[in-house]
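Below, each chain spelled out in residue letters.
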Amino acid sequence: MNRLLDRRSWSFLVVGFLVGVLVTTVGLAFTVRQSSRAGQGGEQTVLKLAHSLDTNHPVHDGLVFMADRLAERSSGSVTLQIFPNGQLGSETECLEQLQRGALAMTKTSTAPMESFVSDMAVFSVPYVFRDADHCWRVLESDIGERLLDAGAQVGLRGLCYFDAGCRSFYTIEHPVRSPADLKGLLIRVQKSKTSMDMVEALGGAPTPIPWGELYTALQQKRIDGAENNLPSFHTNRHFEVCKHLTLDEHTIVPDLLVVSEPIWSRLPANVQQWVRESAAEASLHQRALWAKATKEALAAVQDHGVTIYQVDKQAFADSVASMHQTYVGTSVGDLIADIKATP
């Protein structure tokens, strides 16, 4: 009887070990393996990066550029393996994987980051920035650096910002020419309390839906519209369903490239430096791509029958001005004040 139990126990141990090895191998966020290639110090490092965007998106192109620069800078010893189209989960799910060290890097909007770093809410407060140039001056200042570093204590270290343009409303049947036109409309927003508060302040009904499910939700008319930037509206073909685009430009919400702090702390100093430098170059490269993509997207969606509405932005700003006051006395309120004081 004891021998039988021993054999069973041993079998369970072997099976458990094999399953553990399989899970670990499949889920590795980064790997370091021996390499016989000269000049690589005998090691090859592979970092896994996931994002939810299409491969035609300028952010994806920026990440590919980063991978190429990292390979060049490291003489091929560091590889950035990119998983687009939400293959490894939503933005929030990828951030959670970073915290566990199950994924090395991800591209995320600052909106989902609010759940992890509360000060990121400042980007979703409408009309905080005067324009795109003002936004980039802030991002390149100490304010931007502080926000990149703020997530390190929760396992999410920011590396750089990517341009994600200005966000505007687009709808299926009901054109939005003024804030009053949003009343009662179901508008998809990111999973962000601040974004939801904004739509509510304008009279709409905020409806959080994962990005990968949005086209179907629009197509089935489960919602009346959404809000996003021009390249995303174009590359994800939302123009096929939504024929009204309102350029109210209520928020400028950048994208973030985030690295897992548990993994970052295990990378050699030289690899960290290569990653930082490659990310900085990719940020500049992506901004140029973004400007071109925005111009092309505006022309393309009009060719597909989308009506563009140039509106009185001040009317929209006035409708949500009270939101700024709700942050007075908080860290986000202090950030708003600092941003407004930035020339």
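Note: the structure precedes this text.
All of the points below concern the structure found in this document. The structure presented is a predicted model; accordingly, all values stated were derived computationally and were not measured. (Residues numbered from 1 in each chain as written. Predicted model: local features only at pLDDT ≥ 70, side-chain atom pairs only at ≥ 80, totals over all residues. Heavy atoms only, no water.)

**A short note on the pairing of strand E11 (residues 255-260)**
Within E11, six of the six residues are buried, which leaves it mostly tucked inside the rest of the structure. Strand direction decides the pairing type here: strand E4 (residues 105-109) and E11, joined by five bridges, are antiparallel. Following the sheet pairing, Ser109 is matched in E11 by Asp255. (Buried < 20%, exposed > 50% of the residue type's maximum accessible area, 1.4 Å probe, protein only. Helix = DSSP H or I, 4+ residues; strand = E, 2+ residues; numbered from the N terminus. Pairing = 2+ DSSP bridges.)

**Considering the packing of aromatic side chains**
If you walk through the whole model with that rule in mind, you get three aromatic pairs. Each ring, one from Tyr170 and one from Phe233, has its centre 4.4 Å from the other, and the planes form 45°; the classification is tilted. Of this pair, Tyr170 sits in strand E6 (residues 166-171) while Phe233 sits in helix H9 (residues 230-235), and the two are 63 residues apart along the sequence. By relative accessible area, which is 1% here, Tyr170 ends up buried. Here the basic side chain of Arg287 rests over the ring of Trp136, its NZ or CZ set 3.9 Å away from the ring centre. (Phe/Tyr/Trp six-rings, centres within 6.5 Å; stacked < 30°, edge-to-face > 60°. Lys NZ or Arg CZ within 6 Å of the ring centre and 35° of its normal.)

**Re the sheet that holds strand E12 (residues 307-309)**
Across the sheet, which stays open at both edges, the six strands sit in the order E8-E7-E9-E6-E10-E12 with mixed pairing between neighbours. If you trace the sheet from one side to the other, it starts and ends with strand E8 (205-208) and E12, each paired once. Recorded for the sheet is a direction-independent mean angle of 35° between the axes of neighbouring strands. By the bridge criterion, four bridges tie E6 to strand E9 (residues 225-228) in an arrangement that is antiparallel. Note that in E9 the partner of Tyr170 across the bridge is Ala226. Its contacts with the sheet put helix H7 (residues 193-201) on E6, strand E7 (186-189), E8, E9 and strand E10 (244-252), and the angle it makes with E8 is roughly 155°. (Axes fitted to C-alpha atoms, helices over the stretch in contact; angles between N-to-C directions. Contact = heavy atoms within 4.5 Å.)

**Here we look at helix H2 (residues 58-73)**
Count 3.6 residues to each turn of an α-helix, and residues three or four apart come out pointing the same way. When the terminal C-alpha atoms of H2 are compared, their 22 Å separation across 16 residues agrees well with the 22 Å that a helix rising 1.5 Å per residue should span. Every buried residue belonging to H2 is among Pro58, Val59, His60, Gly62, Leu63, Met66, Ala67, Arg69 and Leu70, and all of these are buried. Ser75, located one to two residues past H2, shows a positive phi value of around 55°. (Expected span 1.5 Å × (residues − 1).)

**Regarding the nonpolar core**
With 45 residues, the main nonpolar core has Leu80, Met105, Tyr170, Leu257 and Val275 as its most contacted residues. Counting residues per element, this core draws most heavily on helix H11 (residues 269-303), which supplies seven residues. Not counting residues up to four positions away in its chain, the partners in contact with Leu257 are Leu49, Leu63, Met66, Thr106, Arg157, Gly158, Leu159, Cys160, Phe162 and Ala279. In this structure, Ala50, Val117, Val138 and Leu147 belong to the second largest nonpolar core, which totals 34 residues. (Core = buried A, V, L, I, M, F, W, Y, C linked by side-chain atoms within 4.5 Å.)

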